Amino acid sequence: MVLDDLGSSLRGTLDRLQGKTRLDEEDVEEVVREIQRSLIQADVEIDLVMELSDSIEQRALEEEPPGGTTARDFVLRIVYEEMVDLVGESTDLPLEPQTILLAGLQGSGKTTTAAKMAWWFSKKGLRPAVIQTDTFRPGAYDQAKEMAERAEVTFYGDPDADDPVQIARDGLAATEEADIHIVDTAGRHALEEGLIDEIQEIDAVVEPDRSLLVMDAALGQGAKDQAQRFEEAIGIDGVAITKLDGTAKGGGALTAVNETDSSIAFLGTGETVQDVERFEPNGFISRLLG
Ligand code: GDP
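Note that the structure is a prediction, hence the values are computed from the model and not measured.

Caption draft 1: Fine view of the packing of aromatic side chains. Inspection of the entire model under this criterion finds 4 aromatic pairs. Taking the centre distance of 5.0 Å and the plane angle of 85° together, the rings of tryptophan 120 and phenylalanine 121 count as edge-to-face. Of the two residues, tryptophan 120 and phenylalanine 121, neither departs from the other in class, the shared state being buried. Through a chain of ring-to-ring contacts, three or more aromatic side chains come together here, namely Trp120, Phe121 and Phe266. The lysine or arginine in question, arginine 278, covers the ring of phenylalanine 266, its NZ or CZ lying 5.6 Å from the ring centre.

Set out below in structure tokens:
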């Protein structure tokens, strides 16, 4: 059965439905309340929580459970289907030559994610290159270079240059032999004009096949604004959630996916280049509801 490792209080509520074959209104309300509570705690935006719980409630009350299905399995299936509908499948990433641009605020984990993704593609038999254009954050060049070395992938950066657009242009030219180009960009502490202008200029030069928004799992209410701004500026095709090895559940990513009409591509689960996973809906949904 899907969603085996649910959070204890939702599981408790569902387990109380175990012997039943029909759900009454009170049962549905209790399950819906429990789901709302879990999702709000997981930092999912309130409008989304309400939208989701309304659909679950409506379906659970209106649909007829298929014969032989217990009330518990019936409601669990509805919850799962509605969540999958919202979260979506993993962002499509064909194993073929492509250029990927990473966007996000400073500290979100872009540089780390660039190296992780390069490592991931190299394990799939491709030849990735990381191009570091962050001239804003001191130490970004050294960190990116070191991580690319650990991932054993090609690296391009220029610690003496101060024009990120020129670095991107030179970087693409210098790494022509690579088939996957991952372009890391500078973040800022907040959504400032300079940041948006800069990434738009880099976007125009790089012409990426995909642009991914890198987002800290702990980002809650700020997720909507960030996703909107980057979507307007460069168009977002997918989200990489970082720091899922911490306690944060990553509900902000759901907001971002919803705002950008995209999906989740990668999950970051630690500080080393190997700590990366492709997104898979079941585990993530269980975590949000847990
Ligand atoms: P950037 O400013 O967006 O390039 O962010 P960095 O890649 O420098 O990451 C900021 C901090 O978060 C660094 O200390 C990273 O080691 C850490 N970090 C990034 N991804 C993860 C992750 O998945 N798990 C953990 N625990 N730390 C991470």
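Caption draft 2: Inspection of the pairing of strand S5 (residues 210-216) at higher detail. Of all 7 residues that make up S5, 6 are buried, and the element is covered over most of its length. Two strands pair when backbone bridges link them, and strand S1 (residues 98-103) and S5 are joined in this way by 4 bridges, in the parallel orientation. Looking at S5, one finds that isoleucine 100 is bridged to arginine 210. You can see the chain leave S5, run along helix H9 (residues 223-234) and come back into strand S6 (residues 238-242), and the turn it takes is right-handed.

Caption draft 3: Layout of the nonpolar core. Counting residues in each nonpolar core, the largest one holds 67 residues, and the members touching the most others are Leu39, Phe230, Ile241, Ile264 and Phe284. The leading source of residues in this core is helix H4 (residues 71-87), at 11 residues. Each residue touching phenylalanine 284, except ones within four places of it in the same chain, is listed here: Val87, Ile241, Lys249, Gly250, Ala253, Leu254, Ile264 and Phe279. Counting residues in each nonpolar core, the second largest holds 25 residues, with Leu93, Ala115, Ala118 and Leu212 among its members.

Caption draft 4: Seen up close, the site of the ligand. Near the ligand, the surroundings consist of 18 residues, among which Gly107, Lys110, Thr111, Thr112 and Asp245 are the closest. The contact in question runs from an oxygen atom of the ligand to an N or O atom on the backbone of lysine 110, over 2.8 Å. Relative to its free-state accessible area of 580 Å², the ligand is covered by the protein chains to the extent of 82%. Per element, the largest residue contribution to the shell around the ligand is 4 residues, and it comes from helix H5 (residues 110-123). Per-class residue counts for the shell around the ligand are 1 nonpolar, 11 polar and 6 charged.

Caption draft 5: Spatial organisation of the packing of helix H3 (residues 46-62) against H4. For the pair H3 and H4, the least separation of the axes is 10 Å and the interaxial angle reads 140°. Crossing of H3 over H4 shows right-handed handedness. Contacts between H3 and H4 involve Leu48, Leu52, Ser55, Ile56, Arg59 and Ala60 from the first element and Phe74, Val75, Ile78, Val79, Glu81, Glu82, Met83 and Leu86 from the second.

Caption draft 6: Structural detail: the pairing of S1. Most of S1 sits inside the fold, with 6 of its 6 residues counted as buried. Because side chains alternate across S1, one face comprises the buried residues Gln98, Ile100 and Leu102, and the other comprises Thr99, Leu101 and Ala103, equally buried. Where S1 lies against strand S4 (residues 180-184), 4 bridges are found, and the strand directions are parallel. Each residue of the ladder has a partner; that of leucine 101, found in S4, is valine 183.

Caption draft 7: Summary view of the side chain of threonine 99. Mapping threonine 99 onto the fold places it in strand S1. What makes threonine 99 buried here is its relative accessible area of 12%. If we skip the residues at most four places from it in the chain, threonine 99 touches His181, Val183, Val206, Pro208, Asp209 and Arg210.

Caption draft 8: Local environment of the confidence of the model for the protein. Taken residue by residue, the protein gives an average pLDDT of 92. The fraction at 70 or more is 97%. Interface confidence for the predicted complex, expressed as ipTM, amounts to 0.99; the pTM equals 0.93.

Caption draft 9: Summary view of the environment of leucine 101. With respect to the helices and strands, leucine 101 occurs in strand S1. A sequence separation of 30 residues divides leucine 101 from isoleucine 131, and the C-alpha atoms of the two residues are 9.6 Å apart.

Caption draft 10: The sheet that holds S5, seen in detail. The strand order S3-S2-S4-S1-S5-S6-S7-S8 describes an open sheet built from 8 strands, whose pairing is mixed. Unpaired on one side and paired on the other, strand S3 (154-156) and strand S8 (276-278) mark the two borders of the sheet. Looking at each pair of strands side by side, their axes are set apart by 20° on average, direction ignored.

Caption draft 11: Geometry of the UniProt feature "domain: SRP54-type proteins GTP-binding" (unreviewed entry) in the protein. Sequence positions flagged by UniProt for "domain: SRP54-type proteins GTP-binding" (unreviewed entry) are, in local numbering, residues 97-290. Across residues 97-290, helical content stands at 42% and strand content at 20%; the span's end C-alpha atoms are separated by 38 Å.

Caption draft 12: Spotlight on the pattern of salt bridges. A full pass over the atoms with the stated rule returns 17 salt bridges. Between aspartate 24 and lysine 20 there is a salt bridge; the shortest N-O distance is 3.7 Å. Judged by its relative accessible area of 38%, aspartate 24 falls in the partly exposed class. Here the salt bridges do not stand alone but share partners, grouping Arg59, Glu63, Glu81 and Glu82 into one network.

Reading the values: rules and limits
- Residues numbered from 1 in each chain as written.
- Predicted model: local features only at pLDDT ≥ 70, side-chain atom pairs only at ≥ 80, totals over all residues.
- Heavy atoms only, no water.
- Phe/Tyr/Trp six-rings, centres within 6.5 Å; stacked < 30°, edge-to-face > 60°.
- Buried < 20%, exposed > 50% of the residue type's maximum accessible area, 1.4 Å probe, protein only.
- Lys NZ or Arg CZ within 6 Å of the ring centre and 35° of its normal.
- Helix = DSSP H or I, 4+ residues; strand = E, 2+ residues; numbered from the N terminus.
- Pairing = 2+ DSSP bridges.
- Right-handed = clockwise from strand over helix to strand, strands pointing away.
- Core = buried A, V, L, I, M, F, W, Y, C linked by side-chain atoms within 4.5 Å.
- Contact = heavy atoms within 4.5 Å.
- Near = heavy atom within 4 Å.
- Polar contact = N/O pair within 3.5 Å; in protein donor to acceptor, adjacent residues only side chain to side chain.
- Areas by Shrake-Rupley, 256 points an atom, 1.4 Å probe, with all protein chains shown as cover.
- Nonpolar A, V, L, I, M, F, W, Y, C, P; charged D, E, K, R; others polar.
- Axes fitted to C-alpha atoms, helices over the stretch in contact; angles between N-to-C directions.
- Left-handed = near helix turned anticlockwise from the far one by under 90°.
- pLDDT = per-residue confidence, 0-100.
- UniProt positions renumbered as here; feature names shortened; annotations may be inferred.
- Salt bridge = Lys/Arg side-chain N within 4 Å of Asp/Glu carboxyl O.

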